Amino acid sequence: MKPHVLCLMLSSIDGRLHASKWTKSPDGGPKAWSTLYEQYQDTLKADAWLVGRTTMAEMSKATAHPVGRGDSPSRPVHRAATATGPFAIAVDTSGSLHFDKPAVNGNSVIVALGANVSDDHLRELAADGVSYLVGEGSTIDLAAMLETLSTTFGIRRLALEGGAAINGSFFAAGLVDELQVIVGPGLDARTGADGIIEHGEEGLAGRVELTFVGCETMPLGCVRLSYAVGRARAKGVSELRS
Ligand SMILES: NC(=O)c1ccc[n+]([C@@H]2O[C@H](COP(=O)([O-])OP(=O)(O)OC[C@H]3O[C@@H](n4cnc5c(N)ncnc54)[C@H](OP(=O)(O)O)[C@@H]3O)[C@@H](O)[C@H]2O)c1
(Lines give C-alpha, C1' and ligand atoms only; values in the text may rest on other atoms or scores of the structure.)
Protein backbone atom coordinates (compact mmCIF):
# COMPACT_ATOMS: atom_id res chain seq x y z
CA MET A 1 0.00 0.00 0.00
CA LYS A 2 1.33 3.44 -0.92
CA PRO A 3 2.29 5.54 2.13
CA HIS A 4 0.41 8.80 2.66
CA VAL A 5 2.73 11.47 1.22
CA LEU A 6 2.71 14.92 2.76
CA CYS A 7 4.89 17.58 1.11
CA LEU A 8 6.12 20.19 3.59
CA MET A 9 8.10 23.24 2.46
CA LEU A 10 9.27 26.56 3.83
CA SER A 11 8.65 29.26 1.24
CA SER A 12 9.21 32.97 0.75
CA ILE A 13 6.15 35.03 -0.17
CA ASP A 14 7.25 34.79 -3.81
CA GLY A 15 7.43 30.97 -3.64
CA ARG A 16 11.22 30.45 -3.51
CA LEU A 17 13.14 27.87 -1.47
CA HIS A 18 16.58 29.25 -0.58
CA ALA A 19 15.79 30.88 2.77
CA SER A 20 19.32 32.31 3.15
CA LYS A 21 18.63 34.60 0.14
CA TRP A 22 15.42 36.18 1.44
CA THR A 23 14.81 39.64 2.89
CA LYS A 24 14.62 39.84 6.68
CA SER A 25 11.67 41.11 8.68
CA PRO A 26 11.15 42.80 12.08
CA ASP A 27 9.27 39.54 12.84
CA GLY A 28 12.44 37.45 12.43
CA GLY A 29 14.73 36.19 9.72
CA PRO A 30 15.29 33.13 7.55
CA LYS A 31 17.27 31.28 10.26
CA ALA A 32 14.47 31.63 12.80
CA TRP A 33 11.85 30.66 10.20
CA SER A 34 13.90 27.57 9.31
CA THR A 35 13.98 26.61 13.00
CA LEU A 36 10.20 27.06 13.18
CA TYR A 37 9.88 24.81 10.09
CA GLU A 38 12.01 22.13 11.77
CA GLN A 39 9.96 22.33 14.97
CA TYR A 40 6.76 21.94 12.94
CA GLN A 41 8.28 18.91 11.10
CA ASP A 42 8.56 17.15 14.46
CA THR A 43 4.80 17.46 15.02
CA LEU A 44 3.92 15.64 11.76
CA LYS A 45 4.42 12.18 13.27
CA ALA A 46 5.74 10.84 9.96
CA ASP A 47 7.51 7.46 9.78
CA ALA A 48 10.07 8.97 7.39
CA TRP A 49 11.18 12.12 5.61
CA LEU A 50 12.47 12.05 2.05
CA VAL A 51 14.69 14.49 0.13
CA GLY A 52 16.44 14.68 -3.23
CA ARG A 53 20.13 13.98 -3.76
CA THR A 54 21.08 17.69 -3.69
CA THR A 55 19.36 18.34 -0.38
CA MET A 56 20.84 15.21 1.27
CA ALA A 57 24.32 16.24 0.04
CA GLU A 58 23.99 19.34 2.25
CA MET A 59 23.38 17.08 5.28
CA SER A 60 25.91 14.31 4.63
CA LYS A 61 29.33 15.59 3.59
CA ALA A 62 31.12 12.22 3.67
CA THR A 63 33.26 11.27 0.68
CA ALA A 64 33.77 7.89 -1.03
CA HIS A 65 35.55 5.32 1.16
CA PRO A 66 35.62 1.95 -0.63
CA VAL A 67 35.47 -1.03 1.73
CA GLY A 68 37.14 -3.61 -0.50
CA ARG A 69 35.83 -6.62 -2.37
CA GLY A 70 33.69 -9.23 -0.69
CA ASP A 71 30.51 -11.14 -1.27
CA SER A 72 28.04 -9.75 -3.76
CA PRO A 73 25.96 -7.14 -1.97
CA SER A 74 22.31 -7.84 -1.50
CA ARG A 75 19.96 -6.54 -4.26
CA PRO A 76 17.39 -5.09 -4.59
CA VAL A 77 16.94 -4.34 -0.88
CA HIS A 78 19.23 -4.18 2.13
CA ARG A 79 17.87 -3.37 5.57
CA ALA A 80 20.65 -2.48 8.02
CA ALA A 81 20.53 -4.45 11.27
CA THR A 82 20.31 -1.24 13.32
CA ALA A 83 17.69 0.49 11.14
CA THR A 84 14.63 1.67 13.05
CA GLY A 85 12.16 4.39 12.19
CA PRO A 86 11.75 7.23 11.74
CA PHE A 87 13.80 7.05 8.55
CA ALA A 88 15.73 9.64 6.51
CA ILE A 89 15.40 8.77 2.81
CA ALA A 90 17.41 10.13 -0.13
CA VAL A 91 16.73 9.56 -3.83
CA ASP A 92 20.17 9.17 -5.41
CA THR A 93 19.88 7.50 -8.82
CA SER A 94 23.58 7.23 -9.64
CA GLY A 95 24.93 6.57 -6.13
CA SER A 96 26.85 9.78 -5.55
CA LEU A 97 25.96 10.24 -1.88
CA HIS A 98 28.22 8.90 0.87
CA PHE A 99 27.67 8.50 4.61
CA ASP A 100 29.98 8.02 7.57
CA LYS A 101 27.27 6.93 9.99
CA PRO A 102 23.93 5.12 9.78
CA ALA A 103 21.77 8.13 10.71
CA VAL A 104 21.17 11.74 9.64
CA ASN A 105 19.58 14.08 12.20
CA GLY A 106 19.12 10.96 14.36
CA ASN A 107 17.06 9.11 11.72
CA SER A 108 18.19 5.84 10.07
CA VAL A 109 19.18 6.46 6.44
CA ILE A 110 17.66 4.67 3.45
CA VAL A 111 18.98 5.45 -0.04
CA ALA A 112 16.93 4.76 -3.20
CA LEU A 113 19.23 3.98 -6.13
CA GLY A 114 19.02 3.22 -9.86
CA ALA A 115 19.82 -0.21 -11.29
CA ASN A 116 23.24 0.89 -12.59
CA VAL A 117 24.73 1.52 -9.16
CA SER A 118 27.94 -0.42 -8.59
CA ASP A 119 28.39 -3.30 -6.15
CA ASP A 120 31.27 -1.32 -4.57
CA HIS A 121 28.91 1.51 -3.70
CA LEU A 122 26.35 -0.88 -2.19
CA ARG A 123 29.08 -2.53 -0.08
CA GLU A 124 30.13 0.89 1.21
CA LEU A 125 26.56 1.81 2.19
CA ALA A 126 26.02 -1.52 3.95
CA ALA A 127 29.33 -1.16 5.84
CA ASP A 128 28.21 2.28 7.01
CA GLY A 129 24.99 0.79 8.40
CA VAL A 130 22.89 2.45 5.69
CA SER A 131 19.84 0.67 4.21
CA TYR A 132 19.13 0.86 0.50
CA LEU A 133 16.79 -0.18 -2.26
CA VAL A 134 17.81 -0.57 -5.89
CA GLY A 135 15.25 0.09 -8.63
CA GLU A 136 14.83 -1.94 -11.80
CA GLY A 137 15.72 0.81 -14.27
CA SER A 138 18.30 3.53 -14.84
CA THR A 139 15.76 6.05 -13.49
CA ILE A 140 13.85 5.53 -10.28
CA ASP A 141 10.20 4.50 -10.44
CA LEU A 142 8.93 6.56 -7.50
CA ALA A 143 5.64 4.64 -7.18
CA ALA A 144 7.47 1.29 -6.97
CA MET A 145 9.92 2.83 -4.49
CA LEU A 146 7.02 3.89 -2.23
CA GLU A 147 5.57 0.37 -2.33
CA THR A 148 8.91 -1.10 -1.18
CA LEU A 149 9.23 1.52 1.55
CA SER A 150 5.82 0.44 2.79
CA THR A 151 6.29 -3.33 2.56
CA THR A 152 9.93 -3.61 3.67
CA PHE A 153 10.28 -0.70 6.08
CA GLY A 154 6.67 -0.34 7.28
CA ILE A 155 6.45 3.31 6.23
CA ARG A 156 2.82 4.50 6.25
CA ARG A 157 3.23 8.27 6.46
CA LEU A 158 6.04 9.99 4.59
CA ALA A 159 7.02 13.68 4.69
CA LEU A 160 8.39 14.84 1.30
CA GLU A 161 10.73 17.71 2.16
CA GLY A 162 12.31 18.96 -1.07
CA GLY A 163 14.02 20.35 -2.88
CA ALA A 164 12.16 21.62 -5.88
CA ALA A 165 13.17 18.86 -8.31
CA ILE A 166 12.21 15.84 -6.25
CA ASN A 167 8.98 17.56 -5.17
CA GLY A 168 8.15 18.21 -8.84
CA SER A 169 8.72 14.57 -9.77
CA PHE A 170 6.46 13.33 -6.97
CA PHE A 171 3.68 15.77 -7.92
CA ALA A 172 3.98 14.92 -11.63
CA ALA A 173 3.70 11.20 -10.81
CA GLY A 174 0.47 11.85 -8.85
CA LEU A 175 2.01 10.54 -5.62
CA VAL A 176 1.42 13.50 -3.26
CA ASP A 177 -1.67 13.49 -1.02
CA GLU A 178 -1.17 16.67 0.96
CA LEU A 179 0.78 19.95 0.62
CA GLN A 180 1.67 22.17 3.54
CA VAL A 181 3.64 25.37 3.00
CA ILE A 182 5.00 27.54 5.78
CA VAL A 183 5.32 31.01 4.25
CA GLY A 184 7.88 33.29 5.90
CA PRO A 185 7.54 37.08 5.53
CA GLY A 186 10.50 37.35 3.17
CA LEU A 187 11.07 38.02 -0.51
CA ASP A 188 13.69 36.40 -2.71
CA ALA A 189 12.99 38.14 -6.03
CA ARG A 190 16.15 36.93 -7.82
CA THR A 191 15.51 36.22 -11.48
CA GLY A 192 15.48 32.46 -12.06
CA ALA A 193 15.75 31.50 -8.36
CA ASP A 194 14.38 28.01 -7.60
CA GLY A 195 10.74 27.73 -6.62
CA ILE A 196 9.56 25.27 -3.97
CA ILE A 197 8.18 22.83 -6.60
CA GLU A 198 9.58 22.62 -10.14
CA HIS A 199 8.88 20.30 -13.06
CA GLY A 200 10.85 21.51 -16.06
CA GLU A 201 9.31 23.48 -18.94
CA GLU A 202 6.19 21.37 -18.70
CA GLY A 203 5.16 22.31 -15.15
CA LEU A 204 2.16 20.67 -13.48
CA ALA A 205 -0.84 22.33 -15.18
CA GLY A 206 -3.44 19.68 -16.01
CA ARG A 207 -1.82 17.13 -13.71
CA VAL A 208 -2.84 18.04 -10.14
CA GLU A 209 -5.49 20.05 -8.33
CA LEU A 210 -5.17 21.62 -4.89
CA THR A 211 -8.13 21.90 -2.53
CA PHE A 212 -7.82 24.34 0.36
CA VAL A 213 -7.94 22.62 3.75
CA GLY A 214 -6.96 25.37 6.18
CA CYS A 215 -4.42 27.91 7.33
CA GLU A 216 -2.80 28.87 10.59
CA THR A 217 -0.94 31.97 11.70
CA MET A 218 2.37 30.98 13.26
CA PRO A 219 5.03 32.84 15.30
CA LEU A 220 7.61 35.12 13.60
CA GLY A 221 5.13 36.44 11.01
CA CYS A 222 4.77 33.03 9.32
CA VAL A 223 1.56 31.48 7.95
CA ARG A 224 0.98 27.77 7.31
CA LEU A 225 -1.18 26.90 4.30
CA SER A 226 -2.63 23.42 3.94
CA TYR A 227 -4.08 21.77 0.81
CA ALA A 228 -5.32 18.33 -0.24
CA VAL A 229 -3.70 17.25 -3.52
CA GLY A 230 -5.68 15.37 -6.13
CA ARG A 231 -5.23 14.42 -9.76
CA ALA A 232 -6.54 17.00 -12.24
CA ARG A 233 -10.02 16.11 -13.49
CA ALA A 234 -10.69 15.91 -17.23
CA LYS A 235 -12.25 19.14 -18.55
CA GLY A 236 -16.07 19.16 -18.59
CA VAL A 237 -17.89 19.92 -21.85
CA SER A 238 -18.79 23.46 -20.69
CA GLU A 239 -15.13 24.22 -19.84
CA LEU A 240 -13.97 22.94 -23.24
CA ARG A 241 -16.48 25.25 -25.03
CA SER A 242 -15.39 28.37 -23.12
N1 LIG B 1 12.71 25.68 1.64
C2 LIG B 1 12.65 24.40 1.99
O3 LIG B 1 11.74 23.98 2.74
C4 LIG B 1 13.68 23.43 1.47
C5 LIG B 1 13.51 22.06 1.74
C6 LIG B 1 14.44 21.17 1.19
C7 LIG B 1 15.49 21.64 0.43
N8 LIG B 1 15.64 22.97 0.21
C9 LIG B 1 16.75 23.44 -0.65
O10 LIG B 1 16.54 22.94 -1.96
C11 LIG B 1 17.81 22.89 -2.63
C12 LIG B 1 17.91 21.65 -3.50
O13 LIG B 1 16.82 21.55 -4.37
P14 LIG B 1 16.98 20.90 -5.83
O15 LIG B 1 15.66 21.01 -6.46
O16 LIG B 1 18.16 21.54 -6.47
O17 LIG B 1 17.42 19.40 -5.55
P18 LIG B 1 16.74 18.11 -4.84
O19 LIG B 1 15.30 18.01 -5.20
O20 LIG B 1 17.11 18.11 -3.40
O21 LIG B 1 17.56 16.93 -5.53
C22 LIG B 1 17.42 16.72 -6.92
C23 LIG B 1 18.23 15.53 -7.31
O24 LIG B 1 17.67 14.34 -6.78
C25 LIG B 1 17.93 13.28 -7.69
N26 LIG B 1 16.75 12.60 -8.19
C27 LIG B 1 16.65 11.26 -8.34
N28 LIG B 1 15.51 10.93 -8.87
C29 LIG B 1 14.83 12.03 -9.09
C30 LIG B 1 13.57 12.28 -9.64
N31 LIG B 1 12.73 11.32 -10.05
N32 LIG B 1 13.19 13.54 -9.76
C33 LIG B 1 14.00 14.55 -9.34
N34 LIG B 1 15.23 14.35 -8.79
C35 LIG B 1 15.63 13.09 -8.67
C36 LIG B 1 18.66 13.90 -8.87
O37 LIG B 1 20.01 13.67 -8.58
P38 LIG B 1 21.03 13.26 -9.76
O39 LIG B 1 21.21 14.52 -10.54
O40 LIG B 1 22.23 12.80 -9.03
O41 LIG B 1 20.35 12.16 -10.52
C42 LIG B 1 18.32 15.36 -8.80
O43 LIG B 1 19.31 16.18 -9.36
C44 LIG B 1 18.86 22.88 -1.54
O45 LIG B 1 19.65 24.04 -1.62
C46 LIG B 1 18.07 22.85 -0.23
O47 LIG B 1 18.67 23.61 0.79
C48 LIG B 1 14.75 23.87 0.71
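These numbers come from a predicted model, not from an experiment.

Conventions adopted
Residue indices follow the written sequence of each chain, beginning from 1 at its first position. Only residues with pLDDT of at least 70 get local features here, since the model is predicted, and only at 80 or more are side-chain atom pairs given and counted; chain-wide, interface and lining totals rely on the full set of residues. We count a residue as near a molecule or strand when its backbone-placed C-beta atom lies within 6 Å of that partner. Secondary structure elements are taken from DSSP: a helix is a run of H or I of four residues or more, a strand is a run of E of two residues or more, and numbering for both begins at the N terminus. Only Asp, Glu, Lys and Arg are considered charged, only Ala, Val, Leu, Ile, Met, Phe, Trp, Tyr, Cys and Pro nonpolar, and every remaining residue, Gly among them, polar. For every domain, the bounds stem from an assignment made automatically or drawn from a database. Residue pairs are scored as contacts if the distance between their C-beta atoms, which are placed from the backbone, is within 7 Å. We define the nonpolar core as any set of buried residues of the types Ala, Val, Leu, Ile, Met, Phe, Trp, Tyr and Cys, connected via C-beta atoms lying within 7 Å of each other. The burial label depends on the number of other C-beta atoms within 10 Å of a residue's C-beta. Counts of 20 or more mean buried, 12 or fewer mean exposed, and intermediate counts mean partly exposed, with C-beta atoms placed from the backbone.

Novice: Hey, could you run me through the site of the ligand in this one?
Specialist: Looking at the ligand, there are 25 residues lining it, with G52, T54, G162, G163 and S169 nearest. Only β1 (4-11), β2 (48-52), α2 (53-59) and α5 (164-172) provide two or more residues apiece to the shell around the ligand. Across the shell around the ligand, the residue classes break down as 11 nonpolar, 10 polar and four charged. The residue makeup of the shell around the ligand includes at least three contributed by each of domain 1 (1-47 + 156-242) and domain 2 (50-155).

Novice: Just checking my understanding: could you explain the environment of E136 for this structure?
Specialist: The topology assignment puts E136 in the loop between β7 (131-134) and α4 (142-153). Separated by 21 residues in sequence, E136 and A115 place their C-alpha atoms 5.3 Å apart.

Novice: Got a minute to help me understand the domain arrangement of the protein in this structure?
Specialist: By convention, interface size is frequently given as the accessible area that disappears when the constituent parts associate. According to the domain assignment, the protein contains domain 1 (1-47 + 156-242) and domain 2 (50-155). Relative placement of domain 1 and domain 2: their C-alpha centres are 25 Å apart. Contact residues are listed per partner, giving 17 residues for domain 1 and 17 residues for domain 2. Contributing elements (two or more residues each) for the side of domain 1 that touches domain 2: β8 (157-160) and α5. Among the residues making up the side of domain 1 that touches domain 2, the classes are represented as 10 nonpolar, three polar and four charged.

Novice: Mind showing me how you'd approach the nonpolar core here?
Specialist: Across soluble globular proteins, nonpolar side chains show a tendency to be buried alongside one another. In this structure, C7, A48, I89, V111, Y132 and L160 are the most contacted members of the largest nonpolar core, which totals 54 residues. Two domains each donate at least three residues to this core, and these are domain 1 (1-47 + 156-242) and domain 2 (50-155). Residue contacts for Y132: discarding those within four places in its chain leaves H78, I110, V111, L113, L122 and L125.

Novice: Could you clarify how one ought to interpret the environment of D120 in this entry?
Specialist: Here D120 shows up in helix α3 (residues 119-127). For the pair D120 and S72, spaced 48 residues apart in sequence, the C-alpha to C-alpha distance is 9.1 Å.

Novice: Please explain unusual backbone geometry as it appears in this structure.
Specialist: Backbone geometry follows two general trends: most residues other than glycine have a negative phi, and most peptide bonds adopt the trans configuration. Residue P76 is bonded to the preceding R75 through a cis peptide linkage, with omega at 0°. Note that P76 resides in the loop between α2 and β3 (77-78). In this chain, G85 is followed by P86 through a cis amide linkage whose omega measures -5°. Inspection of the secondary structure assignment puts P86 in the loop between β3 and β4 (87-91). Although it is not a glycine, K45 adopts a positive phi angle of roughly 55°. Note on placement: K45 falls in the loop between α1 (30-42) and β2. In this structure K45 comes out as exposed when scored by C-beta crowding, with 8 C-beta atoms within 10 Å. For N105, which is not glycine, the phi torsion reads 50° and is therefore positive.

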